[in-house]
Amino acid sequence: MQELLNNPVIQSSAAPFLVGLIAAAMLFPVRLAGLAAAAGFLAAVWLIGAFGFEPLTATRKIVVLAVAAPVLGVLADLAFKPKRATAPILGALFGVASIWVLWSVLVQKPAQEAVLLAGGVFAFVLATVASTVSLHDRAVRAGSAGLFLGLGAGAGAVIGASALLGQYGIALGAACGAFLLLAMILGKRVVAGATFTLTASVAAALIAVGAMVLARLPWTALIALALIPLAVRLPLPEKSPAWIQAFVASFYALAPAACAGVLAWQSSRVA
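Definitions and limits used
- Residues numbered from 1 in each chain as written.
- Predicted model: local features only at pLDDT ≥ 70, side-chain atom pairs only at ≥ 80, totals over all residues.
- Heavy atoms only, no water.
- Helix = DSSP H or I, 4+ residues; strand = E, 2+ residues; numbered from the N terminus.
- Expected span 1.5 Å × (residues − 1).
- Buried < 20%, exposed > 50% of the residue type's maximum accessible area, 1.4 Å probe, protein only.
- Contact = heavy atoms within 4.5 Å.
- Salt bridge = Lys/Arg side-chain N within 4 Å of Asp/Glu carboxyl O.
- 1 Å grid on protein atoms, 1.4 Å probe; cavity = no way out; pocket = protein on both sides within 12 Å on 5 of 7 lines; lining within 4 Å.
- Points joined across faces, edges and corners; volume = space filled by probe spheres on them.
- Nonpolar A, V, L, I, M, F, W, Y, C, P; charged D, E, K, R; others polar.
- Phe/Tyr/Trp six-rings, centres within 6.5 Å; stacked < 30°, edge-to-face > 60°.

A word on helix α7 (residues 111–133). Between the first and last C-alpha of α7 there are 32 Å, a value that for 23 residues agrees with the 33 Å anticipated at 1.5 Å per step. Of all the residues in α7, the buried ones are A114, L117, A118, V121, F124, V125, T128, V129, A130, S131, T132 and V133. Looking at the buried residues of α7, the elements they touch are α5 (86–101), α6 (103–106), α8 (139–159), α10 (193–214), α11 (219–226) and α12 (228–231).

Here it is, written out as structure tokens:
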């Protein structure tokens, strides 16, 4: 059993999907199925066993914020209904937090380069989180966005030579895929909420940022990933069953995610 749990495929794909699906099914009655993303992701972190607080590296800070995201998401969903301003406020909050993640890297760079990098990272995280959180009331679109944000960031990290971040991203995508599967089966009865959308977008955005700064993921790949929550807004066959809508939305999301992968591959060949 231990040998099975040490298998990277189990750690970053099967286990996060199974844990996410169980969490989604159990928490669906209380409208917290969105915790599937956090449950699956944290299951992978635990199985991989690469997390600790000392020293608190950039990669570990990513996990810390990925844990904070569902907590804030649950508070937003239970304490008050997310409003139009909620998405940009949360995006800005985690945009600032992303600077904390990269602080040890930024302080080693010349002032002008550090400001430019910090500004670009802030803008990317803000845009990705805000546009994803605004999908909180559309479970199929949110699930498709989370699935390909995770897979896109994970694949980009692997190509960019960061195996750990790649595992984290793929695990996040698998957990989001579990949520999407439940939404495909139960349709509009499944609620994504800020719980799901904030977790998926924060974790994926920070994994992508980490892969860019700590590995060799090109900044152009981040732009492609930021288009995913916009792509899923394209028209869906509204009168069709949820599973058909999910396939269409996933097809929309696949295009920018694949583009990010191609950009990462091209950059790795040049390097």
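Read on, since the account is not over.
Here we take up the pattern of salt bridges. Tallied over the full model, the rule gives 3 salt bridges. Close ionic contact of D137 with R138 constitutes a salt bridge, the shortest N to O distance being 3.5 Å. Salt-bridge contacts for R141 lead to E238; the nearest nitrogen and oxygen are separated by 3.3 Å. Residue R141 is located in helix α8, and its partner E238 is located in the loop between α12 and α13 (242–270); the two are separated by 97 residues in the primary sequence. R141 sits in the buried class, given a relative accessible area of 9%.

Turning to the layout of surface pockets, a few remarks are in order. In this structure, the largest pocket encloses a volume near 550 Å³. Surrounding the largest pocket, 24 residues form its lining, H136, D137, R138, A139 and V190 being those nearest its centre. Among the secondary structure elements, those contributing two or more residues to the lining of the largest pocket are α4 (58–79), α8 and α13. For the lining of the largest pocket, the leading source of residues is α8, giving 3 residues. Looking at the lining of the largest pocket residue by residue, the classes come out as 11 nonpolar, 5 polar and 8 charged. Approximately 220 Å³ is the volume found for the second largest pocket.

Per the counting criterion, the structure on display carries 1 cavity of 30 Å³ or more. For the largest cavity, the calculated volume is near 30 Å³. Lining the largest cavity we find F124, T128, L149, A153, A204, A205, A208 and L225. Among the elements of the structure, α7, α8 and α10 are those that each provide at least two residues to the lining of the largest cavity. In terms of residue count, the dominant contributor to the lining of the largest cavity is α10 (3 residues). Its residues assigned to classes, the lining of the largest cavity shows 7 nonpolar, 1 polar and no charged.

On to the packing of aromatic side chains. Applying the stated criterion to the full structure yields 3 aromatic pairs. Aromatic side chains W243 and F247 sit 6.0 Å apart centroid to centroid with 90° between the ring planes, which places their arrangement in the edge-to-face category. You can see W243 and its partner F247 sitting in helix α13, 4 residues apart, about one turn around the helix. Classification of W243 as partly exposed rests on a relative accessible area of 45%. Owing to a relative accessible area of 53%, F247 belongs among the exposed residues under this scheme.

What follows deals with unusual backbone geometry. Even without being glycine, R31 reaches a positive phi, approximately 65°. The residue R31 is located in the loop between α2 (8–27) and α3 (36–48) in this model. Of note in this structure, A161 is not a glycine but carries a positive phi near 80°. The topology assignment puts A161 in the loop between α8 and α9 (163–186).

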